[in-house]
Amino acid sequence: MLEQNEKSLKDQAQGESQKAMLFVPYRYNRPQMLPPLICSRRLYVHLILLLVIVFMLVIIRLMSTVKVNFVHFHLESDSDAELVTLPSQFAHSRGALCLDGSPPAYYFRPSLLSVKFWIIYLPGGAWCNSEYDCFQRSLTELGSSHVAKISIPMVGILSNDCEINPDFCLWNVLVLHYCDGSSFLGNDSTVRSYESQSLYLRGAVVFEALIDYLKESTDLAEAEQVVLAGSSAGGIAALIHADRLRTMLPHSVKTVHALVDAAMFLDLPDVRGNFELANLFKSVYSFHSIENSKSIQECTETQPNITERWRCLLPEVYYKFVFTPIYFVNSVYDTWQRTYLLKISCFASACPSVHRDVVYNARDSILTFAHNITRYKKNGVYLTWCPVHTILNQLRFSSAELGDSTVQQSLSSWLQHDLSQITGDKNFLSLEAALEVCKSSIKL
Ligand SMILES: *[C@@H]1O[C@H](CO)[C@@H](O)[C@H](O)[C@H]1NC(C)=O
Ligand SMILES: *[C@@H]1O[C@H](CO)[C@@H](O)[C@H](O)[C@H]1NC(C)=O
Ligand SMILES: *[C@@H]1O[C@H](CO)[C@@H](O)[C@H](O)[C@H]1NC(C)=O
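Residues numbered from 1 in each chain as written. Chains lettered and ligands numbered in written order. Predicted model: local features only at pLDDT ≥ 70, side-chain atom pairs only at ≥ 80, totals over all residues.

(A) Geometry of the overall build of the protein chain. A count of helices and strands for the protein chain gives 13 helices and 12 strands. The burial tally for the protein chain puts 41% of its 444 residues in the buried class. Across the protein chain, contacts joining residues at least 24 apart in sequence account for 75% of those joining residues at least 6 apart. (Helix = DSSP H or I, 4+ residues; strand = E, 2+ residues; numbered from the N terminus. Buried ≥ 20, exposed ≤ 12 C-beta atoms within 10 Å, placed from the backbone. Contact = placed C-beta atoms within 7 Å.)

Following this line, the structure appears as structure tokens:
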């Protein structure tokens, strides 16, 4: 029994050891597992360290791109002007509305230097002269502030780059959003409609409301020097509103100048003998009830024939009524005028001689007009032979191809000396030669 017990114990032990043997690799491998375990702990530490480093690198990288974006954003927003829409209640209380009934708006880039210097710019965009035409326009940013761009780049005379725009780079810039289709001159108190959509013809009311709002909500109330500039349809607006703007501005304002760009629209016959501009201005004048616009009344009241009052929209008629010094900038071969008013679609040597005669006749009329303008010693004119349309709001503002001096230089000397002058008034290049010389300015 004892033996048996011993045996069984032995067996048990053997069995145990056999069992143990069976588990040996397992049991004895465990300690062997330890070093790799420690290793993997180290590995974890290393991995975590590596992750921390990678994480830090990513953070640093992110921060630098954030910084780059930040700097980039600021550079961009410094040169752009940002949209400000008038409060709807203010617009409605004044009856100042874009074609579609949206409130008027403006773009603003404040000066970092001073509240004394202000340039108010009126952009171009032609006109609308019928319900259908104005309704189509009301769906675009030329007729609605709802679809206006949030910010727009400031180029040429609006640029804040003092190398290319030394006179105005540090000025406060206001660009009034053009959304009325009447050169800011309409004043029809009724509401028109097209296919049950309301249409508002209130350009003059929009201009007045914008200036009043700006006096309250910006430092315009502290202005000392103001320049009212405009291109194309905006040039007509600048010419006609200049004197009235002066009366609306605060007493702190010492000087007002008007800059009229690409708006020497002359009442000339087109290639077929039709007076396109006359027809256009007649219809714009009556459709938008421009006779009710206060700014134009000094001129219209003197017109002996009521049916001819629309002629006050013509710069060749209106300039005589302007007290403010005006600087005209124009191409003698203005491309918009050639295409839409003279109705010439060919170019230079490709044109039949009849067409070329019309082009050169327009050039000579612009030259005569320039001489007429500068009979008033307060006025200046810059004419270029480069066939372009609008200059002040373009890179070509400081391009040397445009003439003996750049527009920027000529305008600068006119502003400083207040001398009447015509720049580039002699020996205009032929259209062919101008095309050759002005290649890059045309593209600018
Ligand atoms: C618009 O016309 C009305 C009525 O004729 C006039 O009282 C108002 O002053 C005019 N507004 C502008 C900005 O010309
Ligand atoms: C007014 O001008 C129109 C043409 O625009 C002409 O038919 C009319 O005779 C003129 N009236 C007067 C009184 O001169
Ligand atoms: C220039 O003035 C002359 C004389 O006053 C006038 O006959 C002519 O029509 C004017 N031309 C232009 C384009 O203004």
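(B) Up close: the pairing of strand β11 (residues 380-384). The element β11 is largely enclosed, with a buried count of 5 among its 5 residues. Neither face of β11 is open: one carries Gly380, Tyr382 and Thr384, the other Val381 and Leu383, and all of them are buried. Direction of pairing for strand β10 (residues 326-331) relative to β11: parallel, over a ladder of 5 bridges. Each residue of the ladder has a partner; that of Phe328, found in β11, is Val381. (Pairing = 2+ DSSP bridges.)

(C) Local environment of the site of ligand 3. Ligand 3 sits among Leu266, Glu316, Ser365, Thr368, Phe369 and Asn372. Residue composition of the shell around ligand 3, grouped by class: 2 nonpolar, 3 polar and 1 charged. (Near = placed C-beta within 6 Å. Nonpolar A, V, L, I, M, F, W, Y, C, P; charged D, E, K, R; others polar.)

(D) Structural view of helix α4 (residues 203-217). A rise of 1.5 Å per residue sets the reference length of α4, with its 15 residues, at 21 Å; its end C-alpha atoms lie 21 Å apart and thus fit the reference within 8%. Taken residue by residue, α4 has Gly203, Ala204, Val205, Val206, Phe207, Glu208, Ala209, Leu210, Tyr213 and Leu214 as its buried positions. (Expected span 1.5 Å × (residues − 1).)

(E) Region of interest: the nonpolar core. Core analysis: the largest hydrophobic core is formed by 113 residues, its most contacted members being Ile119, Leu228, Ala238 and Leu239. When sequence neighbours within four positions are dropped, the list of residues in contact with Leu228 reads Ile120, Ala238, His241, Ala242, Leu245, Val256 and Ala258. (Core = buried A, V, L, I, M, F, W, Y, C linked by C-beta atoms within 7 Å.)

(F) Fine view of the environment of Glu308. Within the secondary structure, Glu308 is located in the loop between α7 (297-300) and α8 (315-318). Judged by the 12 C-beta atoms lying within 10 Å of it, Glu308 falls in the exposed class. Along the primary structure Glu308 and Lys282 are separated by 26 residues, whereas in three dimensions their C-alpha atoms are 8.5 Å apart.

(G) Fine view of helix α3 (residues 131-138). Burial in α3 covers these residues: Cys134, Phe135, Arg137 and Ser138. Viewed along the axis of α3, the buried residues span an arc of 160 degrees, placing them on a single side of the element. Against the buried residues of α3 lie β6 (192-194) and β7 (197-199). (Arc of directions from axis to C-beta.)

(H) Spotlight on the environment of Thr335. Considering the arrangement of structural elements, one finds Thr335 in helix α9 (residues 335-341). Here Thr335 falls in the partly exposed class, since 17 other C-beta atoms lie within 10 Å of it. Sequence separation between Thr335 and Ala262 is 73 residues; the distance between their C-alpha atoms is 9.6 Å. Sequence-distant contacts of Thr335, defined by excluding residues within four places in its chain, comprise Pro387, Val388 and His389.

(I) Representation of the confidence of the model for the protein chain. Mean pLDDT over the protein chain: 88, with 85% of residues reaching 70 or higher. Below a pLDDT of 50 lies the segment residues 15-31, which in the model reaches 0 contacts outside its immediate sequence neighbourhood of four places, other chains included. (pLDDT = per-residue confidence, 0-100.)

(J) Quick peek at the pairing of β10. Burial of β10 is extensive: 6 of the 6 residues sit out of reach of the surface. Side-chain alternation along β10 places Ile326, Phe328 and Asn330 on one buried face and Tyr327, Val329 and Ser331 on a second face that is also buried. Bridge count between strand β9 (residues 255-261) and β10: 4 bridges; the pairing is parallel. For Leu259, the partnering residue across the bridge sits in β10 and is Tyr327.

(K) Here's a closer look at the environment of Ser88. Residue position: Ser88 is located in helix α2 (residues 88-94). On a C-alpha basis, the gap between Ser88 and Gly101 in space is 9.8 Å, while along the polypeptide they are 13 residues apart.

(L) Inspection of unusual backbone geometry at higher detail. At Glu195, a residue that is not glycine, the phi angle is positive and equals roughly 45 degrees. Note that Glu195 resides in the loop between β6 and β7. Owing to 7 C-beta atoms within 10 Å, Glu195 belongs among the exposed residues under this scheme. Backbone geometry at Lys343 places phi at a positive 60 degrees, although glycine is not the residue there. Within the fold, Lys343 resides in the loop between α9 and α10 (353-373).

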